[in-house]
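# Fold and contact review
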Amino acid sequence: FDNDEDEPNYDPSWPHLQLVYEYFLRFMESADFQPSLCKKYCDQKFVLQIMALFNSEDPRERDMLKTLLHRIYGKFLGLRSFIRKNINYIFLRYIYEGENCKWHR
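Reference entry: report on the structure contained in this document.

### Here's the deal with the overall build of the chain
- Counting its regular elements, the chain contains 6 helices and 0 strands.
- The N-to-C order of helical and strand elements in the chain reads α-α-α-α-α-α.
- Per-residue burial for the chain yields a buried fraction of 28% across its 105 residues.
- Restricting the contact set of the chain to residue pairs at least 6 apart, pairs at least 24 apart contribute 66%.
- With an accessible surface of roughly 7900 Å², the chain has 54% of that area assigned to carbon and sulfur atoms.

Okay, structure coming up:
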């Protein structure tokens, strides 16, 4: 049992990143949020960039990204199929290429 390998790797910049993630999450959960106005910015490229951030070693960031991706999935119906396909792609790459694979295309 090696305790060094089981310790999570916390990013020292997390407090700053957390502010950005929290702001974006509150923006998406706002009663005034209109997905139709945000489609221009929250597109497939943006989703791929969010998914690429899951490579972070910080579990707090990955948890926040999971929540954000879930909100995007719920608010942008047109992106659901794209998100499912890319999650499937990530899983398959991980299965066949191992831990060293890059998640984004």
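What follows continues from the structure just given.
### So, the packing of aromatic side chains
- The tally for this structure, following the rule as stated, stands at 4 aromatic pairs.
- Pairing Phe-27 with Phe-33 gives two aromatic rings, centres 5.2 Å apart and planes at 85°, and the pair type is edge-to-face.
- Centre to centre, the rings of Phe-33 and Phe-76 are 6.1 Å apart; their planes meet at 80°, and the pair counts as edge-to-face. Here Phe-76 lies in the loop between helix 5 (59-75) and helix 6 (80-97) and Phe-33 lies in the loop between helix 2 (14-29) and helix 3 (35-38), a separation of 43 residues in the sequence.

### Section: helix 2
- In this model, helix 2 (16 residues) spans 22 Å end to end at C-alpha, consistent with the 22 Å of a helix rising 1.5 Å per residue.
- Looking only at helix 2, the buried set comprises Trp-14, Tyr-21, Leu-25 and Met-28. Considered in projection along helix 2, the buried side chains sweep an arc of 60° and stay on one side of the axis. Along helix 2, exposed side chains directed more than 90 degrees from the buried face belong to His-16, Leu-19, Val-20, Tyr-23 and Arg-26.
- Looking at the buried positions of helix 2, the neighbouring elements they touch are helix 5.

Cut-offs used in this document
Residues numbered from 1 in each chain as written. Predicted model: local features only at pLDDT ≥ 70, side-chain atom pairs only at ≥ 80, totals over all residues. Heavy atoms only, no water. Helix = DSSP H or I, 4+ residues; strand = E, 2+ residues; numbered from the N terminus. Buried < 20%, exposed > 50% of the residue type's maximum accessible area, 1.4 Å probe, protein only. Contact = heavy atoms within 4.5 Å. Areas by Shrake-Rupley, 256 points an atom, 1.4 Å probe, with all protein chains shown as cover. Phe/Tyr/Trp six-rings, centres within 6.5 Å; stacked < 30°, edge-to-face > 60°. Expected span 1.5 Å × (residues − 1). Arc of directions from axis to C-beta.

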